[in-house]
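Per-entry structural report
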Amino acid sequence: MAGLRLDRLQPHGLRPIDLTLAASELAFVSGPSGSGKSLLLRAIADLDPHPGEAWLDDQRRSDLAPPEWRRRVGLLPATTHWWAERVGEHFPTPPGVNGEDPLGRLLEQLGLGPETLEWTVARLSTGERQRLALVRLLANAPEVLLLDEATANLDPLNQTRVEGLIQDYRTRHRAAVLWVSHDPGQRRRLGGRHLVIEAGRLEATP
Ligand SMILES: Nc1ncnc2c1ncn2[C@@H]1O[C@H](COP(=O)(O)OP(=O)(O)OP(=O)(O)O)[C@@H](O)[C@H]1O
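Residues numbered from 1 in each chain as written. Predicted model: local features only at pLDDT ≥ 70, side-chain atom pairs only at ≥ 80, totals over all residues.

Some remarks on the overall build of the protein chain
On a plain count of helices and strands, the protein chain comes out with 6 helices and 10 strands. Computed over C-alpha atoms, the radius of gyration of the protein chain comes to 17 Å, within 12% of the 17 Å expected from 2.2 N^0.38 for 206 residues, which places it in the range of a compact globule. The dimensions of the protein chain, computed from C-alpha atoms along their principal axes, are 45 × 40 × 30 Å. Burial status across the protein chain gives 33% buried among its 206 residues. Restricting the contact set of the protein chain to residue pairs at least 6 apart, pairs at least 24 apart contribute 72%. (Helix = DSSP H or I, 4+ residues; strand = E, 2+ residues; numbered from the N terminus. Rg over C-alpha atoms; globule rule 2.2 N^0.38 Å. Buried ≥ 20, exposed ≤ 12 C-beta atoms within 10 Å, placed from the backbone. Contact = placed C-beta atoms within 7 Å.)

So, in structure tokens, the structure goes:
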């Protein structure tokens, strides 16, 4: 649906970044711990103040209200945030509206049943939190995905499910995806570009 362009965007501690991701394009970002991967995603999502500009196709971020930008450029943080007691309270649309159940389908694709929505957040395992946070993100239909170690807490079966769902979403919605991952096997399986942060610079790998 949309491409992403960074124009001299400068997250804390990094050199200014120029980067273009076409609609449907997948790019992985890796780099040592503390090199600035999460701060890069946070800056693109406009969660931290920084110089530079970002564009969604021909719309510049500074022309959009921050909540609209963050809905369209969706971030899955490494540590997910929950604010209500029950899981279902975090989802905007109740399942089963007009006979359709897109939320139920997303849950199912990640091995979660509809009863999950009745659970308390307190009982969720780390991997359940991670999968549910991805469902919550995709339920808002973002045009660009920013994924911070989206499968870090998952067993191989659920890792495969998450990879499949993201690839499916990327293709169907023509969403650009920028994915922080330390896993070379994941990069090989899914393809795409590979960018590395080293010494404060975001560089393409040869
Ligand atoms: N609010 C902040 N103010 C100052 N420094 C910060 C802030 N948040 C993070 N940092 C520092 O910026 C650096 C980059 O942090 P970041 O979380 O982006 O690393 P990362 O590459 O995602 O690492 P990891 O792979 O360990 O998750 C780290 O040294 C971190 O301590």
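Now that the structure is up, let's keep going.
Digging into the sheet that holds strand β9 (residues 193-198)
With respect to topology, 6 strands assemble into an open sheet ordered β6-β7-β8-β3-β9-β10, the strand pairing being mixed. A single partner strand is all that each edge strand has here, and the edge strands are β6 (73-76) and β10 (201-204). Sheet twist, expressed as the mean angle between neighbouring strand axes with direction ignored, is 20 degrees. Here strand β3 (residues 26-30) runs beside strand β8 (residues 176-180); their pairing, made up of 4 bridges, is parallel. Residue pairing across strands places Ala27 opposite Leu178, the latter belonging to β8. Running at roughly 155 degrees to strand β7 (residues 144-148), helix α1 (residues 37-44) makes contact with β3, β6, β7, β8 and β9 of the sheet. (Pairing = 2+ DSSP bridges. Axes fitted to C-alpha atoms, helices over the stretch in contact; angles between N-to-C directions.)

So, the nonpolar core
With 50 residues, the main nonpolar core has Ile44, Val144, Leu146, Val177 and Trp179 as its most contacted residues. Setting aside its immediate chain neighbours within four residues, Ile44 contacts Leu6, Leu9, Ala54, Val73 and Leu146. (Core = buried A, V, L, I, M, F, W, Y, C linked by C-beta atoms within 7 Å.)

Focus: the site of the ligand
As a matter of local geometry, the ligand sits amid His12, Gly13, Gly31, Ser33, Gly34, Ser35, Gly36, Lys37, Ser38 and Leu39. The residue inventory of the shell around the ligand, partitioned by class, reads 1 nonpolar, 8 polar and 1 charged. (Near = placed C-beta within 6 Å. Nonpolar A, V, L, I, M, F, W, Y, C, P; charged D, E, K, R; others polar.)

Some points on the packing of helix α4 (residues 126-139) against helix α5 (residues 156-173)
Closest axis-to-axis distance for the α4/α5 pair is 12 Å, and the angle between their directions is 10 degrees. When the axis of α4 is compared with that of α5, the two are roughly parallel. Here Gly127, Arg131, Leu134 and Leu138 of α4 come into contact with α5, specifically with Asn158, Val162 and Tyr169. Across the contact of α4 with α5, the residue classes break down as 4 nonpolar, 2 polar and 1 charged. (Parallel < 35°, antiparallel > 145°, perpendicular 65-115°, else oblique.)

Observations regarding unusual backbone geometry
Phi at Arg8 takes a positive value of approximately 55 degrees, unusual for a residue other than glycine. Within the fold, Arg8 resides in strand β1 (residues 4-9). In this structure, Ser24 is a non-glycine residue whose phi angle is positive, near 75 degrees. Here Ser24 is to be found in the loop between β2 (17-21) and β3. Judged by the 16 C-beta atoms lying within 10 Å of it, Ser24 falls in the partly exposed class.

A word on the pairing of strand β4 (residues 53-56)
The alternating pattern of β4 places Ala54 and Leu56 on a buried face and Glu53 and Trp55 on a face that is not buried. Summarising the sheet, β1 and β4 pair through 4 bridges and their orientation is antiparallel. Within β4, the residue paired with Leu4 across the bridge is Leu56. In terms of strand pairing, β4 meets strand β5 (residues 59-60) through 2 bridges, oriented antiparallel. Paired with Leu56 across the two strands is Gln59, which belongs to β5. The turn linking β4 back onto β5 is made up of 2 residues, and Asp57 within it adopts a positive phi angle of 50 degrees.

What to know about the pairing of β10
Inspection of the sheet shows β9 paired to β10 by 4 bridges, in the antiparallel sense. In the strand pairing of β10, Ile197 is matched with Leu202. Turn length for the β9-β10 hairpin, with the two strands adjacent in sequence and antiparallel, is 2 residues, and the turn residue Ala199 shows positive phi of about 50 degrees.

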